[in-house]
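# Coordinate inspection notes
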Amino acid sequence: MENTIRLYFEAWLKNDLDVIKRVFAENIVYTECYGPEYRGISQIVKWFVEWNKRGKVLEWTIKRVIQQNRTLVVEWFFKNEYDGAVDEFDGVSIVDFDDDMKILKLSEFQSKSEHCYPYGK
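### Focus: the overall build of the chain
Across its full length, the chain carries 3 helices and 6 strands. Taken from the N to the C terminus, the helices and strands of the chain come in the order α-α-β-β-α-β-β-β-β. Over its C-alpha atoms the chain spans a radius of gyration of 15 Å, differing by no more than 12% from the 14 Å that the globule rule assigns to 121 residues. Expressed as lengths along the three principal axes of its C-alpha atoms, the size of the chain is roughly 50 × 35 × 25 Å. Looking at the chain as a whole, 39% of its 121 residues are labelled buried. Considering only residue pairs separated by 6 or more positions, the chain has 46% of its internal contacts joining residues 24 or more positions apart.

Given below as C-alpha cells:
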C-alpha cells in the first residue's frame, strides 16, 4: 500500500497517466483538500489530464505514513505551479484500499506550510 501511494505521488511529478489508471479502483472517490470531489476512474483521468495542461507539480514529499489495516494516513508537503502562480502547503491524505489493493477512497486535508510562533520559538 505504501508503495502504491508513493507511485501515485510520483505520477504527478512525472505527469504519468498510466500510473493513475493503474492505482485507482474503478469506483474511486477522491476528495481534494479545497472541495472538489471526483467519482470514478474516468473523472480522475479527466481531472489529471486537464490539470496537467495548466499546471505542474514541483514537489510532493511524503513526511510520514501510518498504516492501520487497509488504510494509510500520509502526511506530506506539496508545491505546484498552476496558471503561472506557485503555491505550497502541507497536507494529510487518508487513503483506503480495496481487496485488490487499489485506492478506493482518498480524502485530502490542507494546512499552511508557513508557521508563525505567537509565543516565540
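Next comes the rest of the write-up.
### Topic: a negative patch on the surface
Together, E59, D87, E88 and E114 line one region of the surface with negative charge. By secondary structure assignment, the location of E59 is in strand 3 (residues 55–68).

### Regarding the pattern of salt bridges
A full pass over the atoms with the stated rule returns 7 salt bridges. With a closest N to O distance of 2.9 Å, R6 and E2 form a salt bridge. Of this pair, R6 and E2 both sit in helix 1 (residues 2–14), 4 residues apart, roughly one helical turn. In this structure E2 comes out as partly exposed when scored by relative accessible area, which is 33%.

### Here we look at the sheet that holds strand 3
Taken in spatial order, the 6 strands make up an open sheet running 2-1-6-5-4-3, and their pairing is mixed. Looking at which strands have only one partner, the edges of the open sheet turn out to be strand 2 (37–39) and strand 3. Neighbour to neighbour, the strand axes of the sheet diverge by 20 degrees on average, direction disregarded. The pairing of strand 3 with strand 4 (residues 71–82) spans 12 bridges and is classified as antiparallel. Paired with Q68 across the strands is T71, a residue of strand 4. Sheet strands in contact with helix 1 are strand 1 (24–31), strand 3, strand 4, strand 5 (85–97) and strand 6 (103–111), and its direction is about 170 degrees off that of strand 3. Contacts between helix 3 (residues 41–54) and the sheet are confined to strand 1, strand 2, strand 3 and strand 4, with strand 1 contributing the most and set at about 60 degrees to the helix.

### As for unusual backbone geometry
Backbone geometry places N69, a non-glycine residue, at a positive phi of 55 degrees. With respect to the element layout, N69 can be found in the loop between strand 3 and strand 4. A positive phi angle, near 50 degrees, is found at D83, a position not held by glycine. Among the structural elements, D83 can be located in the loop between strand 4 and strand 5.

### As for the nonpolar core
In this structure, I5, Y8, F24 and Y30 are the most contacted members of the largest nonpolar core, which totals 31 residues. For this core, the secondary structure elements donating two or more residues are helix 1, helix 2 (17–23), strand 1, helix 3, strand 3, strand 4, strand 5 and strand 6. Per element, the largest residue contribution to this core is 6 residues, and it comes from helix 3. Filtering out sequence-adjacent residues up to four positions away, F24 remains in contact with Y8, Y30, I41, I44, K102 and I103.

Thresholds, definitions, all that
- Residues numbered from 1 in each chain as written.
- Predicted model: local features only at pLDDT ≥ 70, side-chain atom pairs only at ≥ 80, totals over all residues.
- Heavy atoms only, no water.
- Helix = DSSP H or I, 4+ residues; strand = E, 2+ residues; numbered from the N terminus.
- Rg over C-alpha atoms; globule rule 2.2 N^0.38 Å.
- Buried < 20%, exposed > 50% of the residue type's maximum accessible area, 1.4 Å probe, protein only.
- Contact = heavy atoms within 4.5 Å.
- Patch = residues over 30% accessible without salt bridge, like charges linked within 9 Å, V, L, I, M, F, W, Y side chains within 5 Å.
- Areas by Shrake-Rupley, 256 points an atom, 1.4 Å probe, with all protein chains shown as cover.
- Salt bridge = Lys/Arg side-chain N within 4 Å of Asp/Glu carboxyl O.
- Lys, Arg positive; Asp, Glu negative; His and termini not counted.
- Charge placed at Lys NZ, Arg CZ, Asp CG, Glu CD.
- Pairing = 2+ DSSP bridges.
- Axes fitted to C-alpha atoms, helices over the stretch in contact; angles between N-to-C directions.
- Core = buried A, V, L, I, M, F, W, Y, C linked by side-chain atoms within 4.5 Å.

Fair warning: the whole summary comes from geometry, so function is off the table for now.
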